[in-house]
Amino acid sequence: MVKMSLDPVQVMSGQVTELKVAPSSNGDSRGSWEEKEEFDQDHLGLTAKPKPVTGRRARKVEGGVFFPKPENAVTIAVSSRVLFRTEREQKVFEQKGVEEYLRYQIEHENEPFAPGPAFPFVKALEAVNSRLRELYPQSEELFDIVLVTYNHAHVGIRLINTINHHNLFIERFCMTGGSSPIGYLKAWHTNLYLSADADKVREALAEGIAAATMFMPEKLTEVSQSQLRVAFDGDAVLFSDESERIFKAHGLDKFFEHERENEDTLLDHGPLKGFLEALGKLQKKFYAKGHRLDCPIRTFLVTARSAASSGIRALKTLRAWGLEIDEALFLAGAPKGPMLEKIRPHIYFDDQMFHVEGAAEMGTIAAHVPYGIAQKHNAKQNTGVRK
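Criteria and cut-off values
Residues numbered from 1 in each chain as written. Predicted model: local features only at pLDDT ≥ 70, side-chain atom pairs only at ≥ 80, totals over all residues. Heavy atoms only, no water. Helix = DSSP H or I, 4+ residues; strand = E, 2+ residues; numbered from the N terminus. Buried < 20%, exposed > 50% of the residue type's maximum accessible area, 1.4 Å probe, protein only. Contact = heavy atoms within 4.5 Å. Areas by Shrake-Rupley, 256 points an atom, 1.4 Å probe, with all protein chains shown as cover. Core = buried A, V, L, I, M, F, W, Y, C linked by side-chain atoms within 4.5 Å. Domains from an automatic or database assignment. Arc of directions from axis to C-beta. Polar contact = N/O pair within 3.5 Å; in protein donor to acceptor, adjacent residues only side chain to side chain. Pairing = 2+ DSSP bridges. Right-handed = clockwise from strand over helix to strand, strands pointing away. pLDDT = per-residue confidence, 0-100. Axes fitted to C-alpha atoms, helices over the stretch in contact; angles between N-to-C directions. Left-handed = near helix turned anticlockwise from the far one by under 90°. Nonpolar A, V, L, I, M, F, W, Y, C, P; charged D, E, K, R; others polar. Phe/Tyr/Trp six-rings, centres within 6.5 Å; stacked < 30°, edge-to-face > 60°. Lys NZ or Arg CZ within 6 Å of the ring centre and 35° of its normal.

J.: So, the overall build of the protein: which residues are in play, and what are the values?
T.: Along its length, the protein carries 15 helices and 10 strands. Per-residue burial over the protein gives 57% buried out of 387 residues. Counting only contacts in the protein whose residues sit at least 6 apart along the sequence, the fraction spanning at least 24 positions is 78%. About 16400 Å² of surface is accessible on the protein, with carbon and sulfur atoms providing 49% of the total.

J.: Residues and numbers for the nonpolar core, please.
T.: Ranked by internal contacts, the top residues of the largest apolar core, which has 76 residues, are Phe121, Phe143, Leu228, Phe232 and Phe349. When residues of this core are sorted by domain, at least three fall in each of domain 1 (70-214) and domain 2 (228-385). Each residue touching Phe232, except ones within four places of it in the same chain, is listed here: Val237, Leu238, Leu272, Phe275, Leu276, Leu279, Thr299, Phe300, Leu301, Val302, Tyr348 and Phe349. Grouped together as the second largest cluster of nonpolar side chains are 13 residues, Phe215, Val302, Tyr348 and Val356 included.

J.: Explain helix α8 (residues 198-206) residue by residue, including any values.
T.: Along α8, the residues that are buried comprise Ala198, Lys200, Val201, Ala204 and Leu205. For α8, the angular spread of buried residues about the axis comes to 160°, placing them on one side. Tucked into the core, α8 has its buried residues touching α7 (182-187), β4 (190-195) and β5 (211-214). Measuring from the side-chain oxygen of the N-cap residue of α8 to the backbone nitrogen of Asp199 gives 3.0 Å; that N-cap residue is Asp197. A positive backbone phi angle near 85° is found at Gly208, which sits one or two residues after α8.

J.: Could you give me a rundown of the pairing of β4, with the residues and numbers involved?
T.: For β4, the buried fraction is high: 5 of the 6 residues fall into the buried class. Sheet topology places strand β1 (residues 74-79) next to β4; 4 bridges connect them, and they run parallel. Across the sheet, the residue bridging to Ala77 is Tyr193, located in β4. Two elements, β4 and β5, share 3 bridges in a ladder whose sense is parallel. Its bridge partner being in β5, Tyr193 is matched across the sheet by Ala211. What joins β4 to β5 is α8, and the crossover it makes is right-handed.

J.: Explain the side chain of Thr221 to me, using residue names and the numbers behind them.
T.: Relative to the elements of secondary structure, Thr221 occurs in the loop between β5 and β6 (228-232). Thr221 sits in the buried class, given a relative accessible area of 14%. A polar atom in the side chain of Thr221 sits 3.4 Å from the backbone oxygen of Met362. Not counting residues up to four positions away in its chain, the partners in contact with Thr221 are Glu341, Arg344, Met362, Gly363 and Thr364.

J.: How would you summarise the confidence of the model for the protein if you had to cite specific residues and measurements?
T.: Scored by pLDDT, the protein has a mean of 81; 80% of the residues are at 70 or more. For the protein, helix α1 (residues 41-44) is the element with the lowest average pLDDT, namely 33, and β6 is the one with the highest, namely 98. Residue range residues 1-64 is modelled with pLDDT below 50. Its contacts to residues more than four positions away, or to other chains, number 169 contacts. Taken as a whole, residues 380-387 scores under 50 in pLDDT and shows 31 contacts with residues more than four places along the chain or in a different chain.

J.: Explain the sheet that holds strand β10 (residues 366-368) residue by residue, including any values.
T.: Think of a sheet as strands paired side by side through backbone hydrogen bonds, with each pair either parallel or antiparallel. Spatially, 10 strands are ordered β3-β2-β1-β4-β5-β10-β9-β6-β7-β8 in an open sheet, and the strand pairing comes out mixed. Every other strand in the sheet has two partners, leaving β3 (172-175) and β8 (327-330) as the edge strands with one partner each. Each strand of the sheet is rotated relative to its neighbour by a mean of 25°, with strand direction disregarded. Along the sheet, helix α5 (residues 119-135) contacts β1, β2 (143-149), β4, β6, β7 (297-303) and β9 (347-350); its crossing angle with β2, the most-contacted strand, is approximately 150°. Relative to the sheet, helix α11 (residues 273-288) contacts β1, β2, β4, β6, β7 and β9, its axis offset from that of β7 by approximately 140°.

J.: Can you break down unusual backbone geometry residue by residue, with the values?
T.: Even without glycine at this site, Asn167 takes up a positive phi of about 60°. Tracing the sequence through the fold places Asn167 in the loop between α6 (156-165) and β3. Notably, His189 is not glycine yet its phi reads approximately 55°, a positive angle. Along the chain, His189 falls in the loop between α7 and β4. Judged by its relative accessible area of 44%, His189 falls in the partly exposed class.

J.: Describe the packing of α5 against α11, with residues and values.
T.: Think of two packed helices as two axes; the pair is described by the angle between the axes and how far apart they sit. Contact geometry of α5 with α11 gives a least axis separation of 10 Å together with a crossing angle of 35°. For the pair α5 and α11, the crossing hand works out as left-handed. Note on element contacts: α11 touches α5 through Phe275, Leu282, Lys285 and Phe286, opposite Phe121, Val128, Arg131, Leu132 and Leu135. Looking at the contact of α5 with α11, its residues break down into 7 nonpolar, no polar and 2 charged.

J.: How would you summarise the packing of aromatic side chains if you had to cite specific residues and measurements?
T.: Applying the stated criterion across every chain, the model contains 7 aromatic pairs. Note on Phe232 and Phe349: the rings are 5.6 Å apart at their centroids and 20° apart in plane angle, and the pair reads as stacked. Separated by 117 residues along the polypeptide, Phe232 in strand β6 and Phe349 in strand β9 bring together distant segments of the chain. In this pair, the class of Phe232 matches that of Phe349, namely buried. Ring-pair connections join several aromatic residues into one group, and the members of that group are Phe232, Phe275 and Phe349. Above the face of the Phe113 ring, Arg158 is positioned so that its terminal group lies 4.0 Å from the ring centre. The ring of Trp321 is capped by Lys273, whose NZ or CZ atom sits 4.6 Å from the centre of that ring.

So, in structure tokens, the structure goes:
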């Protein structure tokens, strides 16, 4: 099984032919972006020696700076540790303390960070925004990305330089200087929070904020630059863990029996239902302009449920909620990794580490949703259990 790390996020050793990034620094000594045997730098236009940030992109829409109000936008809060790779800096902090860490960041503030696991996802969000602005120039119903970091404000200069270097449209920052960002997430009307800190993810979920811990595998499958692809597990992600509890307590036969008896009873909502709703709302804006077939947002349900035995309840629940899933894969317990390799999502959400690691093994960027009964099993077994 692929070894993964919350902090720092691990290496990218595959070739990402559609993800084009500018020269960047950072990464630890083993498997860093600077090692040609681990990553084809020429293929991405990377060089071992970082280049300083130069210039700044003009950010104007319709003649003026355009910032949607948080209550109108789909707000994605992203930790700096998943948007960028900060392994080297984290080591300085852990080994030498905060003062040396701040000194190091200031000394290297003109060296941009390399992309992290959330980078392709954020680029895809921006691609969707570009299409939305073409169709609805005055609309504030857009993705709004907020960079969240525990860093001191001194580090903000390097983060801003990195954002401009990679030509990202991120103007909203939340630098907490070591304090918890959860209260700020609520003020931003956050629809999704992505972090490398599992404790803060659990804190966000407890406050009703959709959240997940991001991981990066040693290899990375190429992903689309023109279509945002998001894949979800079902139970304890889109839906509650009600059915999962039956399975854990009484086994598979009782689970099937329970689902048959309750197929007309809607499942309760799970922690990421609201994020799927937000995606669906933006999808409908494209449908209204005749772009259903070439919509730049595509969603997937990838579940271990069986279609005939337990799938009907899940589909009826989604339909009753008024939510559309573009593709639904009922795997009846088969491994999810091979299917996700074909889907090539920018992000896949699952509540069990077993499936997160299986996805990562096949090159998919996966995010763990630490919610529901499965977390008790995850605590007992490092890789969780199959559901």
